[in-house]
Amino acid sequence: MSELPRDLLEEILCRVPATSLKRFRSTCKQWNRLLNDKKFLKKHCDKAAKHYTVLSLTDESRLCLLNVNFHSGVPNSLEVTWDELSLIDQSKSHQVNIKQVFHCDGLLLCTIKDNTIFVVVWNPCTGQTKWIPTSKDCSFHDFVLGYHQDKQTGNKSYRILSYKSYHCGDQEFQVYDIDSNSWRSINVTPIPNYNFAYPYYRVSLNGKTYWFGVDEKEEELGLISFDYATERLERLHLPYQFYRYDDLYLSVVGEEKLLVLLQREHTSRKEIWVTTNKIDDETKDMSWSKLLEVEVATTGHESWLGISFLVHEKKNVVLFCEKRFFNNKAIKPVSIVEEDDTVKNVDFRVRTRTSCRPYLVDYVPSLIQIEQHGSKRRRGQ
């Protein structure tokens, strides 16, 4: 390998999944320099095989990595195991308690509650972290991560958005630029009569952040997106107009498709819809196609409260994690839904926090480097 021309070596290594490539740093100095080169990392991000994994939040406010194995050739076969990921506070040499986590482009934005609230940008694949100071009055704020991509160079500028949970109007939005290490207030034009609905249900797709939104005047539920380049909110429509739902959730599949789960009030079926048009900077509206419907069976001893789901595109199955109450005890089983809409419960219980709704994230490991220059360890320091 050492005798190969550099350009051929790059073409080979840029196709290796990130989880395998990170171990090659210790091969030799030449490879270590290559894996620190920003141009190579961008090339790797574009060409490498994507290794999708599943993250969930545990009872102890830790992140666990779910290893979901679909056994080829074996019908209705799904095996789920898990490994805990450790986010260490180096100043105290112990694991931190993660209140919320948000995934964007291989990076995790973790909201940490430790007497005060602060946020950490974390790349679990490389182990890099960046601790971000927050304002003193952010107790009721949420934080999400996105990016603006330069169309000419392809370089990404990662930014954190801070906002109040339940209102689009009459509030202050702040943005933290990862590269410049600074917070700034931004003037965001609110969408008339439109507010965040279910603010903890948010996803990132192509750098933008998406939430459910509700039109208080028209009593319609839709979607809100935030563009980190224009710093504008946009309103987008769901597959159909309705106001009250017994259950709903947002998810993504691949890198271009948005998914919604909808269960209308007083119905027993959950519907999953997927966008059929490519979602990019020019998208002003969405076209939807129904992926499947699932009949929800409950008994007098069991009730549902929230659901999280992921779609495995190649296997044509959907992975569910529901929060149910059975005899006053919370359980969160993992289920698999096949192409014929049959449901199989897996003999596994995700150790998600009892007080929280289920949480699954389609996480793609990457070698993205987090800008560290000028980073502050904690707020006020």
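Above this note sits the structure.
Model, not experiment: these values are computed from the prediction. (Residues numbered from 1 in each chain as written. Predicted model: local features only at pLDDT ≥ 70, side-chain atom pairs only at ≥ 80, totals over all residues. Heavy atoms only, no water.)

Draft legend 1. Representation of the overall build of the protein within the structure. For the protein, the count of helices and strands is four helices and 27 strands. The 381 residues of the protein split such that 49% are buried. Partitioning the contacts of the protein with sequence separation of at least 6, the portion at a separation of at least 24 is 50%. Accessible area for the protein stands at about 18900 Å²; split by element, carbon and sulfur atoms hold 47% of it. (Helix = DSSP H or I, 4+ residues; strand = E, 2+ residues; numbered from the N terminus. Buried < 20%, exposed > 50% of the residue type's maximum accessible area, 1.4 Å probe, protein only. Contact = heavy atoms within 4.5 Å. Areas by Shrake-Rupley, 256 points an atom, 1.4 Å probe, with all protein chains shown as cover.)

Draft legend 2. Molecular detail of the pairing of strand β17 (residues 232–236). Pairing of strand β16 (residues 220–227) with β17 involves five bridges; the strand directions are antiparallel. For F226, the partnering residue across the bridge sits in β17 and is L233. A loop of four residues connects β16 with β17, the two strands running antiparallel in sequence, and E231 in this loop sits at a positive phi of about 55°. (Pairing = 2+ DSSP bridges.)

Draft legend 3. Molecular detail of the side chain of K130. Tracing the backbone through its elements, the reader meets K130 in strand β9 (residues 128–132). Separated by 2.9 Å, the side chain of K130 and the backbone oxygen of I178 make a polar contact. For K130, the side chain forms a polar contact with the side chain of N181, separated by 2.2 Å. (Polar contact = N/O pair within 3.5 Å; in protein donor to acceptor, adjacent residues only side chain to side chain.)

Draft legend 4. Focus on the nonpolar core. Within the largest apolar cluster, 32 residues are counted, with the highest numbers of intra-cluster contacts made by I160, L161 and W211. Sorting the residues of this core by element identifies β6 (98–104), β7 (107–114), β8 (116–123), β10 (141–149), β11 (156–164), β12 (173–177), β14 (194–205) and β16 as the ones contributing at least two each. By size, the runner-up hydrophobic cluster in this structure holds 31 residues, among which are L205, Y240, Y249 and I279. (Core = buried A, V, L, I, M, F, W, Y, C linked by side-chain atoms within 4.5 Å.)

Note that every value here comes from positions in space, so none of it alone points to a role or purpose.
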